[in-house]
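So you can see what is in the structure, the chains are spelled out below.
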Amino acid sequence: MAEPLLSQRYIIEEKHEIEDITSNNLIQELMHNLPGYKNGFIRVKPSGFVFISETQIHLERIRKFEVRDDDIWICTFPKCGTTWTQELIWCLMNNFDFKTANSVNLDDRMVFFEYCTILDEVFDFSTDTIQQAADMASPRIIKTHLPFQMLPDQIRTREKTPKIVHVYRNSRDVCVSHYHHWKILKGFSGGFDLWAKLFLEGLGGYYGPFWKHVESYYCSQYDNIFFVKYEDMKKDLRSTIVAASNFIGCNKFSENEISQLERHLSFTNFQNTPSLNKQHLVNLCDKVGCSNQNEGAVFVRKGIVGDWKNYFRHDMSENFRQRDKELSDVTGIVMEDV
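Residues numbered from 1 in each chain as written. Predicted model: local features only at pLDDT ≥ 70, side-chain atom pairs only at ≥ 80, totals over all residues. Heavy atoms only, no water.

**Student:** Help me out: how do you make sense of the pattern of salt bridges in this one?
**Tutor:** Side chains that differ in sign of charge can pair as their charged atoms come close. Applying the stated rule across the entire model yields 17 salt bridges. In this structure, Asp-153 engages Arg-156 in a salt bridge whose closest nitrogen and oxygen atoms are separated by 2.2 Å. Pair noted here: Asp-153 and Arg-156 are both in helix 7 (residues 153-156), with a separation of three residues, about one helical turn. Residue Asp-153 shares its accessibility class with Arg-156, and that shared class is buried. Here Glu-318 makes a salt bridge to Arg-321, at a shortest N to O gap of 2.5 Å. (Salt bridge = Lys/Arg side-chain N within 4 Å of Asp/Glu carboxyl O. Helix = DSSP H or I, 4+ residues; strand = E, 2+ residues; numbered from the N terminus. Buried < 20%, exposed > 50% of the residue type's maximum accessible area, 1.4 Å probe, protein only.)

**Student:** Even after reading the chapter, I still don't get the packing of helix 9 (residues 192-200) against helix 17 (residues 314-331), so can you show me in this structure?
**Tutor:** Relative placement of two packed helices is described by the angle separating their axes and the distance separating the axes. Look at helix 9 against helix 17: their axes get within 11 Å of each other, and the N-to-C directions meet at 15 degrees. Comparing their axes, helix 17 and helix 9 come out roughly parallel. Considering how the two elements wind past one another, helix 9 and helix 17 form a crossing that is left-handed. Along its contact with helix 9, which presents Phe-192, Asp-193, Ala-196, Phe-199 and Leu-200, the element helix 17 presents Met-316, Asn-319, Phe-320 and Arg-323. Broken down by class, the residue content of the contact of helix 9 with helix 17 amounts to six nonpolar, one polar and two charged. (Axes fitted to C-alpha atoms, helices over the stretch in contact; angles between N-to-C directions. Parallel < 35°, antiparallel > 145°, perpendicular 65-115°, else oblique. Left-handed = near helix turned anticlockwise from the far one by under 90°. Contact = heavy atoms within 4.5 Å. Nonpolar A, V, L, I, M, F, W, Y, C, P; charged D, E, K, R; others polar.)

**Student:** I would appreciate a short explanation of the nonpolar core in the present structure.
**Tutor:** Proteins that are soluble and globular tend to have nonpolar side chains buried together. In terms of nonpolar packing, the biggest core is built from 68 residues, with Phe-41, Trp-73 and Ile-164 touching the most fellow members. When residues of this core are assigned to their parent elements, the largest contribution, seven residues, is made by helix 9. Core analysis: the second largest hydrophobic core is formed by 28 residues, Trp-90, Leu-106, Val-167 and Ala-244 among them. (Core = buried A, V, L, I, M, F, W, Y, C linked by side-chain atoms within 4.5 Å.)

**Student:** Help me out: how do you make sense of the sheet that holds strand 3 (residues 49-52) in this one?
**Tutor:** The strands that make up a sheet are held in pairs by hydrogen bonds between backbone atoms, and each pair lies either parallel or antiparallel. With antiparallel pairing, three strands are arranged side by side in an open sheet as 1-2-3. In this open sheet, the two strands that pair with only one neighbour each are strand 1 (17-20) and strand 3. Averaged over all neighbouring strand pairs, the angle between strand axes comes to 35 degrees, with direction disregarded. The pairing of strand 1 with strand 2 (residues 41-45) spans four bridges and is antiparallel. Bridge assignment links Asp-20 to a residue of strand 2, and that residue is Ile-42. (Pairing = 2+ DSSP bridges.)

**Student:** Whenever I open this one, the packing of aromatic side chains confuses me. Can you help?
**Tutor:** Here the distance between the centres and the angle between the planes together describe a pair of aromatic rings. Applying the stated criterion across every chain yields a total of 33 aromatic pairs. Between Tyr-37 and Phe-41, the aromatic rings sit 6.1 Å apart at their centres with planes inclined by 40 degrees, giving tilted as the arrangement. By relative accessible area, which is 0% here, Phe-41 ends up buried. Here the aromatic rings of Tyr-179 and Phe-192 are separated by 5.4 Å at their centres, their planes lie at 75 degrees, and the arrangement is edge-to-face. Of this pair, Tyr-179 sits in helix 8 (residues 171-186) while Phe-192 is found in helix 9, placing the two residues 13 residues apart along the sequence. (Phe/Tyr/Trp six-rings, centres within 6.5 Å; stacked < 30°, edge-to-face > 60°.)

Structural data, given as structure tokens:
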């Protein structure tokens, strides 16, 4: 059974404790259906989030990372619209420089803070992304999937108060998108029913549980934060652009520039633009043998609301609705049946 949601008032943790959960029956099923991650999984306590075993050697560096007040941190659970939001914020912060946006990979324009901490031996990846973030010129835009409790100490203690953009999405759509992500980039071969069970119990890969992750930001009592709902972005992207620009203080733009940005952020453009669609990452995973993809698999898959209806049985959906209700009781967030 998944652990209960966090208390509403976040308490600063002095240190992390590590629980090896590799012997957990569901984790064993997960590992049986993955080509990598043979060193097992851990739960970071007291917050209770799940990571691969290799992550633990980096936790102290993450805690002590030097934050800057003019940073912008894009903080999400995976597959909640992270890449979409990254590109939106980058374009606003870089004066609508579509020429660079269309020619330089997003991964080269913005660092994924803890990326080096979530890769196992399958990848020959030598870039220290934590150091890379430290070396960036200001103002930095930093992407992370870490829950609030695992952000650097300077953020959690409010010693530094960078802007945080947090994005969340319907839990069942996240689960479906996460399933395809782990098939394409991690080689998961266990089928959707197993993945949904893993996801529900907070054991679907790393960063889970999803509901606790979302709650960690909503209950953080951190003031300098902008909350974005994926479904609202899909419904009215222009309003999200304007609200985001006001939040980060980049509100000198023309109507024509907003229209250009809307077109740039369209699903069709994302899917067809190499600097945005991350096809290079899909190809790399296929090359090193850690992908369970069909020919023609893509990172930017559908980008729609409600795809979960094509995957979930009624009983599975009811289990997720119960978790949604528990989250709503604490945060007021409503996961609509869209």
